[in-house]
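# Survey of secondary and tertiary structure
Residues per chain, in single letters:
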Amino acid sequence: MALTGDIVIGSERLSGRAATFRAVDPATGAALEPAFAFAGEAEVARACALAEDAFDAYRDTTPEARAAFLEAIGDEIMALGDALIERACAESGLPRARIEGERGRTVGQLKLFAGVVRAGNWLDLRVDTALPERKPLARSDLRQRHIALGPVAVFGASNFPLAFSVAGGDTASALAAGCPVVVKGHPAHPGTGELVGEAVRKAVASQGLPAGTFTLLLGANETGAALVRDPRIKAVGFTGSRGGGLALVALAAARPEPIPVYAEMSSVNPVYLMPGALAARAEALGKAFVGSLTMGAGQFCTNPGLVLALAGPDLDRFVGAAATAMQDYAPPAMLTPGIHAAYEAGRKALAGNGRVRCVAEGKVGEGANRGTGALFVAEAADFLADEALSHEVFGASSLVVRCRDIEELVRVTRKLEGQLTATLHLEPSDADLARRLVPVLEVKAGRILANGWPTGVEVSHAMVHGGPFPATSDGRSTSVGSLAIRRFLRPVCYQDLPAELLPEALRDAALAGLPHMMDGKAVLPG
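Residues numbered from 1 in each chain as written. Predicted model: local features only at pLDDT ≥ 70, side-chain atom pairs only at ≥ 80, totals over all residues. Heavy atoms only, no water.

### Topic: the side chain of S267
Following the sequence through the fold, S267 ends up in the loop between β11 (261–264) and β12 (270–273). Engagement of the side chain of S267 in a polar contact is seen with the side chain of Q419, the distance being 2.9 Å. One polar contact links the side chain of S267 to the main-chain amide nitrogen of L420, over a distance of 2.9 Å. S267 has contacts with C301, E392, Q419, L420 and T421, leaving out every residue within four places of it along the chain. (Helix = DSSP H or I, 4+ residues; strand = E, 2+ residues; numbered from the N terminus. Polar contact = N/O pair within 3.5 Å; in protein donor to acceptor, adjacent residues only side chain to side chain. Contact = heavy atoms within 4.5 Å.)

Okay, here's the thing in structure tokens:
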């Protein structure tokens, strides 16, 4: 399909807007056609009104109908073919293989949630049967299910033009929950967004759903602010910077009706090199670490931006190997000129900090928006004395913190902010130290992994991609995996309602085919 840059709300196509912008190819700095229209407050209000109009009908769809819709979105995305891949590469600077993999992940997420909807566990059905003879008080018949919150605003991410954007995890989980979605697309990849948005709209039409089930809008910060303020929006999903996430949290909290904001924001993802692991494989760890750090120009929210270990010859071996690997790193283009500028400012701030020393830099890139990789080292006492050293630098830069002893290592860990991940590299001889660290890391991170690297997040049922603040604005949830659906649901209890007034899923005949709890005992269908 040919890109138009128009605003599409339901069946309405709005063109000829005065305020427009163009995407930029980050590899060359060249502007890309066409011009894309900004949505203003009137367009936001129209989209939210349509979403509200669609809510009752969409949330009342059967599990099979909703699952088929999610699968239809995936089919329409695949049907875009090379046009989607080529545009996403042009707007992001990412290689074709990465975009193809991300497309597969996007479609896989949609299929995962289709399976979740069909299985029915998300309803969390519970029945406490009536006990009319109970003394001293009788018990009523109590039945509970979860229902959709209402229309959800989703903000596309810069670093994943497919998997965390228009039809990404937030959109998939909200639609699975029964919530219409209004997406504020990221301005870094508007053409990619228009292609995917049209795929979603085609699925809406083919499945006979209300037009307001999905809308994609583009615009500046004012557009996003208007979306969060709109009283018809009942929750927000966001992936991006700490500043952007906190701004949305403040807007949502200031509404007459405050709403939840699920913002994934900032993490340095500490990596712990246990003494036994360093002694056994310091050089291999150093090389592998830089591979993870520089993957995708370091533009992953799970990028290992902090390394902690006990000072000594083995750590020196690790640093030496990592420095050699870093010196060979030739940077690709970063996602946007703005991300590149912010990275360079952060890297130079570290280089100019008297508490740290730079032990290696990568090659200077040839072309626009290439961020020079960097590896820094600091003593634990200096790290503890300067809070700025614990802040995220989004890109291929990391800080190694040398701890004098185990007590100092634990003290540094307790001072860390909330994280998406924490990684332990260990050997059997490190078990006692690891046992001491794990309870501390449990309250600091959403995912703890051993003998791997945090880059790469599996889309599955057990995955947690979240964590305590500031990794996320609400550490009780995840933005990846089937548990993400719970963000957009709330429980309702039905007391002594006649069977004909109960929701279908809570009627006795339907319960026999759905997982549920009966008087506190789990019951599986069949």
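### A word on the pairing of strand β7 (residues 152–155)
Alternating positions in β7 separate into two faces, V152 and V154 on one and A153 and F155 on the other, with burial throughout. In this sheet, strand β8 (residues 181–184) lies alongside β7 in parallel orientation, the contact comprising four bridges. Looking at the pairing, F155 lines up with K184 of β8. The handedness of the β7 to β8 crossover, carried by helix α5 (residues 169–177), is right-handed. Note that β7 and strand β10 (residues 235–239) share four bridges and pair parallel. Across the sheet, residue V154 finds its bridge partner in β10, namely G237. (Buried < 20%, exposed > 50% of the residue type's maximum accessible area, 1.4 Å probe, protein only. Pairing = 2+ DSSP bridges. Right-handed = clockwise from strand over helix to strand, strands pointing away.)

### With respect to the packing of aromatic side chains
Summed over all chains, the structure comprises nine aromatic pairs. Here Y58 and F69 contribute two aromatic rings whose centre-to-centre distance is 6.0 Å and whose plane-to-plane angle is 85°, an arrangement assigned as edge-to-face. Highlighted residues: Y58 in helix α1 (residues 41–59) and F69 in helix α2 (residues 63–79), separated in sequence by eleven residues. Across this residue pair, the class does not change: Y58 and F69 are buried. With a centroid separation of 5.1 Å and an interplanar angle of 50°, the aromatic rings of F160 and F164 are classed as tilted. Across the pair, exposure class does not vary: F160 and F164 are buried alike. Three or more aromatic residues joined by ring pairs form one cluster here, namely F21, F36 and F38. Note that R66 overlies the ring of Y58, its terminal NZ or CZ placed 5.7 Å from the centroid. (Phe/Tyr/Trp six-rings, centres within 6.5 Å; stacked < 30°, edge-to-face > 60°. Lys NZ or Arg CZ within 6 Å of the ring centre and 35° of its normal.)

### Some points on unusual backbone geometry
Residues K135 and P136 are joined by a peptide bond in cis, for which omega reads 5°. Along the chain, P136 turns up in the loop between β5 (125–128) and β6 (142–148). Of the consecutive residues F469 and P470, the connecting peptide bond is found in the cis state with omega at 5°. By the secondary structure assignment, P470 is in the loop between β18 (445–450) and β19 (489–495). A positive phi angle is found at D124, which is not glycine, with a value near 50°. Take D124: it is sitting in the loop between α4 (96–119) and β5. One non-glycine residue, A297, lies in positive phi territory at about 60°. Structurally, the position occupied by A297 is in the loop between α9 (275–294) and β13 (306–310). Classification of A297 as buried rests on a relative accessible area of 4%.

### Thoughts on the packing of α1 against helix α7 (residues 221–229)
Packed helices, taken two at a time, are described by the angle their axes make and the gap between the axes. Contact pair α1 / α7: the axes reach a minimum separation of 9 Å and the direction vectors enclose 35°. Our pair here, α1 against α7, has a crossing hand that is right-handed. Here E41, V44 and C48 of α1 come into contact with α7, specifically with T223, A226 and L227. Of the residues in the contact of α1 with α7, the class split is four nonpolar, one polar and one charged. (Axes fitted to C-alpha atoms, helices over the stretch in contact; angles between N-to-C directions. Left-handed = near helix turned anticlockwise from the far one by under 90°. Nonpolar A, V, L, I, M, F, W, Y, C, P; charged D, E, K, R; others polar.)

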